[in-house]
Amino acid sequence: MEKAIKIVWRVTFGSILLFISFLLLCNWGVFGKMPDIEDIQNPSASLSSQVYAQDGSLMGKYYLQDRVNVEYKHIAAPVLDAVIATEDERFYNHSGIDLRALGRAVVGLGKDGGASTITMQTAKNLFTDNWATKNFLVRGIQKFKEAIIAVKLERNFTKEEIVTLYLNTVAFSDNVFGIRNAAKTFFQKEPDSINVQEAAVLIGMLKGATLYNPRRNYNKSLDRRNVVMYQMVKNNKLDKTTYDSLKLQPINLHYKKLDENAGLGPYFRMILGEELKKWCKEHQKSNGKNYDLYRDGLKIYTTINPQMQQYAEEAVEKHISSMQKYLSAQSNIKSGSVWKGRENVLEAAMKQSDRWRNMQSEGADEETIKKSFHEKTKMKVFSWNSKREADTVMTPYDSIKYSRQMLQAGFMVMDPITGEVKAWVGGIDFKNYKYDHVNFNTKRQVGSTIKPLLYGLAIEEAGFTPTSMVQDVQQRFGAYGLVPATSKTCTGSTMPMAQALAGSRNCASAYIMKQLDNSGNNGAKRFVDFLKRCDFKTKLEAYPSIALGSCEISLFEMMQGYTMFPGRGFNAQPMFITRIEDRNGNVLETFVPQRKEVINDVTAYSVIKMMEGVMKFGTGRSIWGYNVKGEIAGKTGTTNDNSDAWFMGYTPQLLAGAWVGCDDRFVRFNSTYIGQGAHAALPIWAYFYAKASNDPACGLDVTSTFAKPETMYNDIVIDGISGFVPIPGGEVEDGGAGSSSEYGEDDNSDYDDSGNYYEQPTSEKKDTSKSGNKQNTDSKHPTPKAILPKKNK
């Protein structure tokens with residue numbers, strides 16, 4: 001008997017000793033890493049970094065887990081009552097481990113509820129490997145680790161701090177973490193404004209994020225909400241009468257989840273994210289580690305004006321959806337002949353597709369994969385409707401053609417004085433087309449938008465003025481030959497430089513380039529060096545044809561180059577971040593405008609007046625049909641075969657640039673009337689400015705004027721009264737008065753025998769004579785007859 005008792009005691013003490021040893025081993029990290037005291041005292045969960053617009057509104061986030069912290073005082077009482085009543089009734093009475101709940105769980109094998117307290121769940125969220133496992137032994141060890149950490153948390157934090165940590169780290173439905181994000185996502189409220197029934201819906205998700213998702217499983221979520229509210233009644237946090245009333249009410253969701261495809265400025269946020277990753281690599285935290293954009297909860301404050309961004313996106317949508325109809329109706333697009341001889345482009349696109357990669361990974365051979373691309377299947381494709389997608393049946397091969405026949409656009413708005421970017425639209429639909437058409441890496445031929453820069457150099461360094469006479473004659477540049485390559489667009493006339501710019505005269509631009517020759521390189525190197533001083537980073541070759549815009553430059557660079565005109569000679573580097581803060585609001589870095597003088601203010605003002613002439617009498621005069629007001633200067637641009645359409649325009653307060661085209665340059669408008677910059681790109685600018693200038697939130701004043709330099713005694717006057725009258729019948733690269741409503745189907749009926757296209761505004765009767773001259777009846781904005789070359793330089 002005594003021997004049996006001794007054995008019992010030995011087994012008992014041995015078990016206790018073994019259990020204590022096991023706990024010590026857990027604490028020492030033998031069964032997995034355990035947090036040290038410093039980690040316990042400074043708990044850190046992965047936080048999403050947040051992007052804010054100029055007015056402080058949230059634009060988007062970068063995250064692995066969508067989580068944002070909130071303080072205890074900013075959590076509504078119903079949320080706190082609901083979570084304690086449902087998840088841990090004796091939260092305020094235990095020290096991390098609820099022995100009563102533990103006993104119940106052991107006896108009932110978990111059928112009557114678990115033993116985890118809020119503190120233990122917080123420990124799990126913060127410090128342990130937070131995964132679900134069916135391995136009883138592994139899960140048991142994990143539970144002991146959670147219990148040890150829970151006790152440590154209780155010793156280092158108040159109950160209020162622990163429940164706040166829990167609510168900030170717990171997972172809700174739809175991959176949303178933390179009470180603040182959950183409240184914002186499901187109800188568009190801050191957590192301090194959540195009412196009882198909303199709190200019950202949110203806390204109800206904690207039992208099963210997918211099962212009780214109110215968006216997907218409404219009835220189950222409703223039942224769970226009522227269970228949570230009943231728990232509040234049982235714990236004296238809600239009276240029965242109120243419960244009986246609330247349980248009959250429906251769930252009123254106001255769901256809106258920010259992701260990379262949704263929200264304001266998705267293209268901008270993508271480019272911003274790349275810049276921030278570079279920033280993180282160059283900056284370290286106090287512990288010596290680099291910042292992590294997706295974990296460290298950075299707060300990024302940008303220069304984006306939400307109203308301008310909205311108007312910019314709407315302008316692109318409105319115009320490109322309209323222009324797409326004309327392109328899609330074009331005969332070579334409808335018949336598919338545009339792809340004749342371009343099969344290599346389609347094959348490359350096939351091999352880059354998810355379908356190809358997936359089938360290849362499954363072991364399918366190339367012949368089988370190619371065959372699958374010619375089998376009709378149900379799919380969703382991009383469409384200009386409210387959902388931006390349409391259900392259809394077509395072959396994957398045809399879907400590639402369809403997708404690549406979509407017109408793309410890039411549009412950027414900035415303050416020309418400070419360089420602050422106000423709006424950024426990189427394409428037509430971020431979900432379907434991720435490629436950004438604004439950023440530095442996207443380069444397209446700029447066409448005639450290069451000319452104001454050339455004219456500015458001629459005024460700055462070669463003694464030209466807006467009234468200097470130039471010859472609209474083809475020029476020879478030694479071994480480079482003739483520029484332009486054909487003389488069809490040359491009038492042979494002599495005209496003021498301002499008139500040459502307004503009419504976008506290619507031959508006159510070649511003449512001006514010729515006059516810049518002081519180094520034996522036909523002025524081209526001098527011009528390239530000037531562009532470098534204007535901070536153009538693209539490598540530009542010093543060929544004379546650069547005077548006509550044959551070079552490929554990004555919209556981003558063109559925007560910076562143009563800032564020197566409204567900036568009174570100062571070039572402003574585009575900036576889109578004002579400051580970056582850490583998760584606690586400490587400022588890590590601030591950003592200020594970067595400006596440098598590249599031309600004098602007299603030169604800048606001279607170019608401004610000439611570019612105002614472009615808008616009043618030249619290739620940009622159609623802008624006045626879009627309900628815009630005030631002083632506007634700008635330049636259109638159209639490249640060979642209408643592959644690229646540009647418009648760069650500015651006011652005393654604002655600079656904006658638009659590019660339109662297809663990613664494959666052979667997919668383009670046949671009609672120069674439709675495809676020119678004045679009609680394919682300018683309307684985006686006009687639609688945007690018409691709205692922005694009438695919205696006080698945008699801070700624009702249409703009565704503002706370009707400031708004349710104090711050193712100029714006489715102003716520059718460029719109008720019909722002073723003798724600036726475009727040549728009737730003269731060939732204008734981007735010419736044409738009118739608006740987007742005047743576009744028509746291209747049937748080649750408006751081309752003469754020489755291949756010149758006669759512009760036919762619908763407000764005037766068609767002139768069948770070859771000269772196409774019309775009498776102008778608008779004394780304020782003369783509209784000369786415009787003859788456009790079928791292929792422009």
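The model shown is predicted, which means the values in this text are computed figures rather than measured ones.

### Some remarks on the packing of helix H3 (residues 77–87) against helix H10 (residues 218–234)
One way to put it is that H3 packs onto H10 with a least axis distance of 8 Å and a crossing angle of 90°. It follows from the interaxial angle that H3 and H10 lie roughly perpendicular. For the pair H3 and H10, the contacting residues are Pro78, Asp81, Ala82, Ala85 and Thr86 in the first and Arg224, Val228, Gln231 and Met232 in the second. Split by residue class, the contact of H3 with H10 holds five nonpolar, two polar and two charged.

### Digging into the pairing of strand S17 (residues 577–581)
Across four bridges, the pairing between strand S5 (residues 299–302) and S17 is antiparallel. Note that in S17 the partner of Tyr301 across the bridge is Arg579. With three bridges connecting them, S17 and strand S18 (residues 587–590) associate as antiparallel partners. Looking at the pairing, Ile580 lines up with Glu589 of S18.

### Remarks on helix H21 (residues 506–515)
Counting buried residues in H21 gives eight out of 10 residues, a clear majority hidden from the surface. Residues of H21 that are buried include every one of Asn506, Cys507, Ala508, Ser509, Ala510, Tyr511, Ile512 and Met513, and no others. Each element contacted by the buried residues of H21 is listed here: helix H19 (451–462), strand S11 (469–471), strand S12 (475–476), strand S13 (482–483), helix H20 (497–502) and helix H22 (524–533).

### Let's talk about the sheet that holds S17
One open sheet accounts for five strands, arranged S2-S1-S5-S17-S18; its pairing is mixed. Each edge of the open sheet carries a strand with a single partner, namely strand S2 (58–62) and S18. The mean angle between the axes of side-by-side strands here comes to 20°, regardless of whether they run parallel or antiparallel. In this sheet, S5 lies alongside strand S1 (residues 49–52) in parallel orientation, the contact comprising three bridges.

### Describing the side chain of Thr119
Residue placement: Thr119 occurs in helix H5 (residues 118–127). Residue Thr119 is classed as buried on the basis of its relative accessible area of 0%. A polar contact of 2.7 Å, which involves the side chain of Thr119, links it to the side chain of Glu154.

### A look at the sheet that holds strand S9 (residues 421–425)
Taken in spatial order, the five strands of this open sheet run S9-S8-S22-S21-S20, and their pairing is antiparallel. Both outer strands of the open sheet, S9 and strand S20 (633–638), are each paired with one neighbouring strand and no more. Going from strand to strand, the sheet's axes swing by 5° on average, the running direction of each strand aside. Pairing between S20 and strand S21 (residues 645–650): six bridges, direction antiparallel. Bridge assignment links Lys635 to a residue of S21, and that residue is Met648. Most of the contacts of helix H13 (residues 306–328) go to S9, to which it runs at about 30°, and overall it touches strand S8 (408–414), S9 and strand S22 (655–661).

### As for the environment of Ser337
Mapping Ser337 onto the fold places it in the loop between helix H14 (331–335) and helix H15 (343–351). Relative accessible area serves as the criterion here: at 39%, Ser337 is assigned to the partly exposed category. Reaching out from Ser337, the side chain makes a polar contact with the side chain of Ser335 at a distance of 3.1 Å.

Cut-offs and rules
Residues numbered from 1 in each chain as written. Predicted model: local features only at pLDDT ≥ 70, side-chain atom pairs only at ≥ 80, totals over all residues. Heavy atoms only, no water. Axes fitted to C-alpha atoms, helices over the stretch in contact; angles between N-to-C directions. Helix = DSSP H or I, 4+ residues; strand = E, 2+ residues; numbered from the N terminus. Parallel < 35°, antiparallel > 145°, perpendicular 65-115°, else oblique. Contact = heavy atoms within 4.5 Å. Nonpolar A, V, L, I, M, F, W, Y, C, P; charged D, E, K, R; others polar. Pairing = 2+ DSSP bridges. Buried < 20%, exposed > 50% of the residue type's maximum accessible area, 1.4 Å probe, protein only. Polar contact = N/O pair within 3.5 Å; in protein donor to acceptor, adjacent residues only side chain to side chain.

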